[in-house]
Structure formats: structure tokens, C-alpha cells
2 protein chains.
Amino acid sequence: MVIIGCGFGGLEAARALERADVDITVVDRTNHHLFQPLLYQVATAGLSAPAIAAPVRHLFRRQANVTTLLGEVADIDPAARTVRLADGGTLPYDHLIVAAGATHSYFGRDDWARFAPGLKTLADAFEIRRRVLFAFEAAEKEEDPAARAAWLTFVVIGAGPTGVEMAGTLAEIARHTLPGEFRHIDPAGARILLLEGSPRVLQAMPEALSASAQKQLERLGVEVRTASRVTAIDEAGLEVQPPEGAAYRLPSRCVVWAAGVAASPLGRQLAAATGATADRAGRVQVEPDLSLPGHPEISVIGDLAAARSYLAGHEPRPVPGVSPAAKQMGRTAAANILRRLRGEATQPFRYRDYGNLATIGRNSAVVDLWTPWRRIEFSGWFAWVFWLFAHIYFLIGFRNRIVVLIDWASAYWSSQRYARVVTGIAPGTTDN
Amino acid sequence: MVIIGCGFGGLEAARALERADVDITVVDRTNHHLFQPLLYQVATAGLSAPAIAAPVRHLFRRQANVTTLLGEVADIDPAARTVRLADGGTLPYDHLIVAAGATHSYFGRDDWARFAPGLKTLADAFEIRRRVLFAFEAAEKEEDPAARAAWLTFVVIGAGPTGVEMAGTLAEIARHTLPGEFRHIDPAGARILLLEGSPRVLQAMPEALSASAQKQLERLGVEVRTASRVTAIDEAGLEVQPPEGAAYRLPSRCVVWAAGVAASPLGRQLAAATGATADRAGRVQVEPDLSLPGHPEISVIGDLAAARSYLAGHEPRPVPGVSPAAKQMGRTAAANILRRLRGEATQPFRYRDYGNLATIGRNSAVVDLWTPWRRIEFSGWFAWVFWLFAHIYFLIGFRNRIVVLIDWASAYWSSQRYARVVTGIAPGTTDN
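Residues numbered from 1 in each chain as written. Chains lettered and ligands numbered in written order. Predicted model: local features only at pLDDT ≥ 70, side-chain atom pairs only at ≥ 80, totals over all residues. Heavy atoms only, no water.

**Considering the pairing of strand E11 (residues 153–157) of chain B**
All names here are of chain B. Applicable threshold: Burial classification: accessible surface area is computed with a 1.4 Å probe over protein chains only, and a residue below 20% of its type maximum counts as buried, one above 50% as exposed, and the rest as partly exposed. Helix and strand labels come from DSSP, where a helix needs a run of H or I of at least four residues and a strand needs a run of E of at least two; each type is numbered from the N terminus. In this description, strands pair whenever DSSP reports at least two bridges between them. The crossover handedness rule: strands pointing away from the viewer, path from first strand over the helix to second strand clockwise, crossover right-handed.
Here E11 lies mainly inside the structure; five of its five residues are buried. Residue alternation in E11 divides its side chains into two sets, Thr153, Val155 and Ile157 and Phe154 and Val156, and both sets are buried. Bridge analysis of E11 against strand E12 (residues 191–195) gives five bridges, and the strand direction is parallel. Pairing of Phe154 across the sheet is with Ile192, part of E12. For the crossover from E11 across helix H6 (residues 161–177) to E12, the handedness is right-handed. With four bridges connecting them, E11 and strand E17 (residues 254–257) associate as parallel partners.

Here it is as C-alpha cells:
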């Protein structure tokens, strides 16, 4: 069998089949599994890339039934039951799990990508790190006050968990990391704006926690503008439509896109080839057991799946695009494949929601915990410690948790950021 | 005053002027000072980039007389006493220290750069890391035995310290890190070749240590070929002229260049503008006090300088292009500027040689120590421990020595390599 993608869903599916009598080929276009919840820390120079990424091949070294393949999937041929690779190779399969994930969506404005990079891969994180650090460098050299202000205006578009974390951390960098290192500018005077189209930040959270998160962001010096839609982005800034009144221009040389998510193009290709339905974001609608209609041998999981959660006596509920859901789908898809091999009926997917957490900056976070007994909401320092240990815990499988912990501990005490290093040369010259 | 370049020489010069009543602008084209002796560890996935690089700006945060500028120097105008930047800015100077360093030289065959990257910058290290790891991935996919063998043949050209360290570490990776992770190839069967034009490895070392280093390399499984000149390199391999007999072809898909060093192009530009002499490698011949003939206000130090060491009663001796020499030149240049400001005579540079050390792989190194009492040569495990602690010690100024130590300790015990992570996608497809 073949698993496409080694994110949370694909990794979990392969691991769940460890003792099964199957031959698994895991294909991924990068050589590493990425702990995406901490990717913003790489983008903001708090962690090095290897701290949150582990070689796929290494993760499966002791699982003899897994073969790892570095390669990009071009398309899937459900009739021939093969996966075709971009380099020309083909992989036949009897069962297929498609866990190719998602990328950012610019809602049809792909020309914005150049001015407002998103954050999905390590390469994205390095690009954002470069832009953030170079903006301060350029401001230090700039003599014109308006141009300097534009370099010192950082805009994050989209106030989901990633946007909130990015904005909070940018504020930390400006207020706590960089002051004292520049001679012509005061980094603490940098503006950090967080724009959100909907009426509140962290929409997936209860309203009280959204309000708390916004207050914590504002205490860090982030200007939060909700119900504000971005109508244009270019090299020198962006145009914003506020809830009332006329659109205004925001000069900024560093814009980060954390707004839209689109499924991998493989979703639409697969839907077209199997007669399945892809939703507006390109996600494939799956059966209750996560397989495709008419193709029980193909399962789609993670961010690529428009899946629903089934609990006896309740209406099916849509499953959110978060990593615990991807992991759970991976386990269910694997279990259903084993059931099919034994000739048993498959079972519908049930998503167990343990709640949400998001960090805002040093000492600040919001936690919405769903325990079997009651729902617990809390925020502030204790929520931050909870967030920290939850993330360290889920980095299991990476042998460098201790290193991450030390990096964080020392970043915490010194306000310094470990990974303020970018390759390439100065802006305004050609890169090499 | 202006200091161009923040490698070992520039950094040391600026620090030596900490209490002086001067305004210093340090210009560097990257945002970090690089601990180059460990760059091969980044290239071979043993360390992450931030472990050996620190932001220039951060290093000078408490030195109030230093302004850091990220920028590339286009040229120097000694008549106008200005440094012109690539982005159009100019920096006037009263004193100038040029410490722009060196890059690799392909001895006039710059077309080889594409097939055999050198190792001077973090970007170089990432490129080599990518090629090494992708070569094993490609071999795993390749079905043709000859093509597979070419992917599994790694060639390092040049057996100076960097070449020896690269070859030894590649052997470690093939023999100890990767086995067990592949299903179609045996990484331990990879060939690692070290080619050297001169008759022995580590030419700067005493002959006994060269012999010991070669024996240790061979024990690790490196094929050492001395007195062998490379006459051609292309995508599929290289052509080698052995000491006797006909040239032969060596199919290889991963070649690393560690052979030639050329001074920054700034050297020739400066020589032409001041009437100084540049040697064949582009290094500028300096006066005994490290200033330029007729231009006492300009000092050239580090790898850019063709300097000599002066000791009363001895013939002047050429100074090698190693980091202790760069640091010592930085201190001398700074001291001579202070002497000039006080109206005193400058003093000639004297290089204190404490010896050489090179590591070969886990447990293997050679040390040639020049103490005031006697010269000590040793090799093997104890030399390796000495090398390790010397390098940790000289990482001073980086707050992450503990992290480096932990990475190494865990790499040592597990044979694993922390940073086996590359960005970009699979070979054979376009990079993004």
C-alpha cells in the first residue's frame, strides 16, 4: 500500500500499521516530518529548523514494513491503481492513503504571494525570517522617516492561531529582543498590526477567550483590527477595508499571510478522477469511514479531507483542520484498512476534540480544554506553561526535545532568540 | 572608522577598540558572524546553522562605539576615503580595516562550481547538505546498478583540514548514521574518496601526523588518493590524473570542492586603487604593520592579506590563512590604529603559532601543539577530545555552546545527526 504525505496524518497511519502484514511505501516531497505547530518559531528565529523537523526515513528506521521515498506525486490513477511521480516513476497500490495536506490560499489573488508569504513549509519559515530581520536592518539604514516607518510596520493577515502567534512573537522581538542593538532606530517603536476579516481573533475559540487573547495581544503592543478586509497588497504596503468608512492604505514592507488555507491540488485531481466532490477549498468529501465514494481502497485524511465526525445519537459534525484531527484520521484510516483485510465492516470516523490552545507571546496563551468531565477555559501565564509543556510533549519522536527545551528556557530568561541567522546577502543586492 | 567584514579578523579588531574613542561602523554582507571551523558540521547535518552563527548586531549590542550595517561593499575609494556600498550608500572613513576574507577558487575553472560546490558560507553548507542527503535518496530509487553506484560515490577534492573533516564525516554518515534506514541500498557500501594534488594530506602538519591522519581516514573507509589532480568535472563525475599512468574517470553525483582559496575580489580592487600588489590568489601585500604602502590609514587583515610575521632576529615568515592568524591580525591592526592616534610609531605584526589541529571523524583527530616549552604531536581519541573542547571553548561569544555540546554528546552516543533536514523538494523536480 502507499501513503502520500508524511505530516501528522500520514505518519500516524503508517505507525498504526506497524504490526500489520502489509508493505507500505510512504512518499513525501520533503525529507522531513515537520512539527507544524511550532513552525512560527522557526519563522521568528526562536528555534532552528532541525529542532522541529525529523527525517521521515529516520522515523521509520525500525518499522520494517515501511519504505520511504522522497518524491513529488504528480497524480493518482484510480483505474490503474497507481501513483505517478513527477520524476516519471509509478507506484502501484492495493490500498492508498492520501494525506497530502494543505497550502495557503490567497483567495484567487495568487499575485499577493510575492508580497505576503504564507507559512506552511520550512522554506516559507526561512523566507519570513529573512524578511522580518532584513526589515529592521533596512530601517537602520533608511534616512527618510516615512520609508523607515514602512520598514518598521509589520502586518499579519489572519488572526487564527498562526496569525496570533506570529503577531505576538513579532511584538516580543521588537520590544524585548532587539532593543539596544540598533543605533539609528528604536526597534521597540515598530508597529505590529494583526488584521482579521471576521469580527474576532481565534474564531474557533469561545468568545471569552477571543476577547482575552485580543487583550493580551494589545498589552504586547499589537494593534488588532478585526472585521477588516484586505483589498490589495503590493511591495510598499496594503489596502484595508475597515468595518465602517472608507478603505485606507497601510504602508508596510513586511507582510505575513496567515489567512487562507487551500488543500493540495491532488485533492481536485483525485476528485475529478473518482467522481468524488471537492469543496471550495479543494478538500475531498469522504465517506464516514474516510474512504472515497465507490473507491473503498482509497482513503483521504488530514487537511485534504472534508470529513465529518460521527457519534451515535448526534448529527455528524465537520472536522476542523487541526493536527489532532489529522492524527485521529490517520489511525481510523489504518484501522479501517485492517478491517477490510479481515473482511469486517469499516467504522465511521469519530473526532475526539480535546479543545484548543494558542500562545500569544512570552507568558501569554489561551487554553480551551475539553475534558470528559467539564470544559475548562483559562488564559495568561498558567495557560502559557500548559501550552509549552503540551508542545514539548507532542514533539515526541524527535530526539531533540531537550535541546528545544533549553533553547526556550534560555530564550525565556534572556529575551534572546537563538536562530537570528539568515543565509543570502543584504537586501537591495542580488541573492547568491 | 570602518571595518569591512565581520569574520574572525574584523570581529577581533572591533572588540580590541572597545574602549577607544572612535566611532566604528562594521559592514558585513551577512547578518551573522560565522564560526567557520565548524561549518563542515552544518554541511554534514551534525549541527544546525544557528549553533555556529551569531548575529553581528547582537555581538556588538553592548559596544556603544560600534554601528552594525548589513550591506555589500562594491568598492573602496582610497582618494576620497569612502567605502561604496552595492545599494548606493557610501561610508566615509578616517581609518579603514579591510577584513573581507576569502572564497573558494576553482583555479580558473569557475564552470566547475556548479558540479562541485565549495564550503565558505551557510548557504554553501546547506547546498552540500542537500546534495549529500539527496544522493542517498536518489540511490534508493535508482534501479540501474551503475547509476546507483554513481549516486553512492562521494568525492572530496582537496585534503586540507576542511577536506579531511568532510571526508571523515561523510564516511561516518554512510557507515554509522544511515544504515538500517534504507530498504533498497546499503549506505555503508557508499564510496568516499578524498583526492589531493600534493603528495600528502594535511600539508600544513608534520609528516608523521599526515600519515596518521591518512591511516585514520582509511580505517573509516575513506579512499585517499594523493598526488592526484582533477582535470575535469561534470554532472556525472570527474576525471583524475594519478601520479603515474593514464587519467581515469570517476563517476560520482556528489562532489565537494575543498581545494582552492581565493581572496575576496575587493583585494584586487583595493590593490589597483592604491598601487599595492595583489598576489596570485588575490591577496593584498601589506606592510609589516598590516597597513597598505603609502596608505597608513588602510589596514588589510585575515585571509585577504598576504602578510608576514616579524620576530626580531628571524627572517619574516608568511602567515597562514587560519583563524588564529586572522584574530591576531585584527588585534595588531587595532593596536596600530590606536598608536597612530596617539602619534606613536606602529609595530610590525608577529604571528604566534600555537599549532594545528584537525578532526577526522568520531574519535579521530590529529593535534600538533606548539607550547612555549616543546612541540607536542598526538592523534587518535585523545586528540579528538582535545579538538572537541578547543572548539567548544572558541565558540565563546555564542550563547548556545551548551546546545552544541548536547547535540554533539547525543550525536556521539547515538551515531545520529541532528540536522538531517533540507528545504526544497525532491531532486529531479523544480525547486520552489
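That covers the picture; the talk isn't over yet.
**Re the UniProt feature "domain: FAD/NAD(P)-binding" (unreviewed entry) in chain A**
Going by this rule: UniProt positions are given in the numbering used here, feature names are shortened, and annotations may be inferred rather than shown by experiment.
When the UniProt feature table is mapped onto this chain, "domain: FAD/NAD(P)-binding" (unreviewed entry) is found at residues 2–323 of chain A. Between the C-alpha atoms that bound residues 2–323 of chain A the distance is 21 Å, and the span itself is 26% helix and 28% strand.

**Things to note about the sheet that holds strand E1 (residues 2–4) of chain B**
All names here are of chain B. Inclusion rule: Here, residues are in contact when the closest pair of their heavy atoms is within 4.5 Å. Axis definition: a line fit to C-alpha positions, over the contact stretch in the case of helices; interaxial angles, taken between N-to-C directions, run 0 to 180 degrees.
Strand order in this open sheet of six strands is E5-E2-E1-E9-E21-E20, and the pairing throughout is mixed. Edge positions in the sheet fall to strand E5 (66–70) and strand E20 (291–292), since each of these pairs with one other strand and no more. Where helix H8 (residues 266–274) meets the sheet, its contacts fall on E1, strand E9 (96–98), E20 and strand E21 (295–300), and the angle it forms with E21 comes to roughly 165°.

**Regarding unusual backbone geometry**
Residue and element names in this part refer to chain A. In the Ramachandran plot, Arg81 falls in the positive-phi region, its phi being about 55° despite a non-glycine side chain. Mapping Arg81 onto the fold places it in the loop between strand E6 (73–77) and strand E7 (82–85). Judged by its relative accessible area of 37%, Arg81 falls in the partly exposed class. Notably, Leu290 is not glycine yet its phi reads approximately 75°, a positive angle. Its place among the elements puts Leu290 in the loop between strand E19 (284–285) and strand E20 (291–292). Taking relative accessible area as the criterion, Leu290 reaches 0% and is therefore assigned buried.

**Considerations on the domain arrangement of chain A**
By a widespread convention, an interface's size corresponds to the accessible area lost as its parts come together. The criterion, for reference: Where each domain begins and ends is defined by an automated method or by a domain database.
We note that the domain assignment places domain 1 (2–29 + 71–101 + 264–341) and domain 2 (110–261 + 363–414) within chain A. A C-alpha centroid distance of 32 Å is found between domain 1 of chain A and domain 2 of chain A.

**Re the packing of helix H1 (residues 8–16) of chain B against helix H9 (residues 323–341) of chain B**
All names here are of chain B. Short version of the rule: Left-handed describes a crossing whose near helix is turned anticlockwise from the far helix through less than a right angle; right-handed describes the clockwise counterpart. Residues are sorted three ways: Asp, Glu, Lys and Arg are charged, Ala, Val, Leu, Ile, Met, Phe, Trp, Tyr, Cys and Pro are nonpolar, and all the rest, Gly among them, are polar.
At a minimum axis distance of 7 Å, the contact between H1 and H9 shows a crossing angle of 35°. The hand of the H1/H9 crossing is right-handed. The segment H1 lies against H9, with Phe8, Gly9, Glu12, Ala13 and Ala16 engaging Ser323, Ala326, Lys327, Gly330, Arg331 and Ala334. Class assignment of the residues belonging to the contact of H1 with H9 gives a composition of five nonpolar, three polar and three charged.

**Re helix H8 (residues 266–274) of chain A**
Residues and elements named next belong to chain A. As a reminder, the rule being used: Each C-beta atom gives one direction from the helix axis, and the arc is the one those directions make.
Restricting attention to buried positions, one finds in H8 the residues Leu266, Gly267, Leu270, Ala271 and Thr274. The buried side chains of H8 occupy one side of the element, clustering within an arc of 130° when seen end-on. Looking at the buried residues of H8, the elements they touch are strand E1 (2–4), E6, strand E9 (96–98), E19, E20 and strand E21 (295–300).

**Remarks on the packing of aromatic side chains**
To describe a pair of aromatic rings, one takes the distance between the centres and the angle between the planes. Residue and element names in this part refer to chain A. Basically, it comes down to this: Aromatic rings from Phe, Tyr and Trp, taking only the six-membered ring of Trp, are treated as a pair when their centres fall within 6.5 Å; an angle between ring planes under 30 degrees marks them as stacked, one over 60 as edge-to-face, and anything in between as tilted.
Under the criterion given, the structure shown has 16 aromatic pairs over all chains. The interplanar angle of 75° and the centroid separation of 5.8 Å between the aromatic rings of Phe8 and Phe35 together place this pair among those described as edge-to-face. Here Phe8 is found in helix H1 (residues 8–16), whereas its partner Phe35 is found in the loop between strand E3 (32–34) and helix H2 (39–43), with 27 residues between them in sequence. Comparing Phe8 with Phe35 shows no difference in burial state: the two are buried.

**As for the sheet that holds strand E15 (residues 237–241) of chain B**
All names here are of chain B. Read from one edge to the other, the open sheet built from three strands follows the order E14-E15-E16, with strand pairing classed as antiparallel. Looking at the sheet topology across the chains shown, the edges are occupied by strand E14 (229–234) and strand E16 (248–251). Between one strand axis and the next, the sheet turns through 25° on average, direction left out of account. In terms of strand pairing, E14 meets E15 through five bridges, oriented antiparallel. Paired with Val230 across the strands is Val240, a residue of E15.

**Points about the side chain of B:Gln63**
Which entries qualify depends on this criterion: Pairing of N or O atoms within 3.5 Å defines a polar contact, subject to two protein rules: one partner must be a possible hydrogen donor and the other a possible acceptor, and residues neighboring in sequence count only if both atoms are side-chain atoms.
One can find B:Gln63 in the loop between helix H3 (56–59) and E5. One polar contact links the side chain of B:Gln63 to the main-chain carbonyl oxygen of B:Ala14, over a distance of 2.7 Å. Non-local contacts of B:Gln63, meaning those with residues more than four positions away in its chain, are made with A:Arg183, B:Ala14, B:Arg15, B:Leu17, B:Glu18 and B:Ile24.

**Overview of the environment of A:Arg15**
Residue and element names in this part refer to chain A. Within the element layout of this structure, Arg15 appears in helix H1. Assessed through its relative accessible area of 34%, Arg15 is described here as partly exposed. It is 9.6 Å that separates the C-alpha atoms of Arg15 and Leu59, two residues lying 44 residues apart in sequence. Among all residues touching Arg15, those that are not within four sequence positions of it are Leu59, Phe60 and Gln63.

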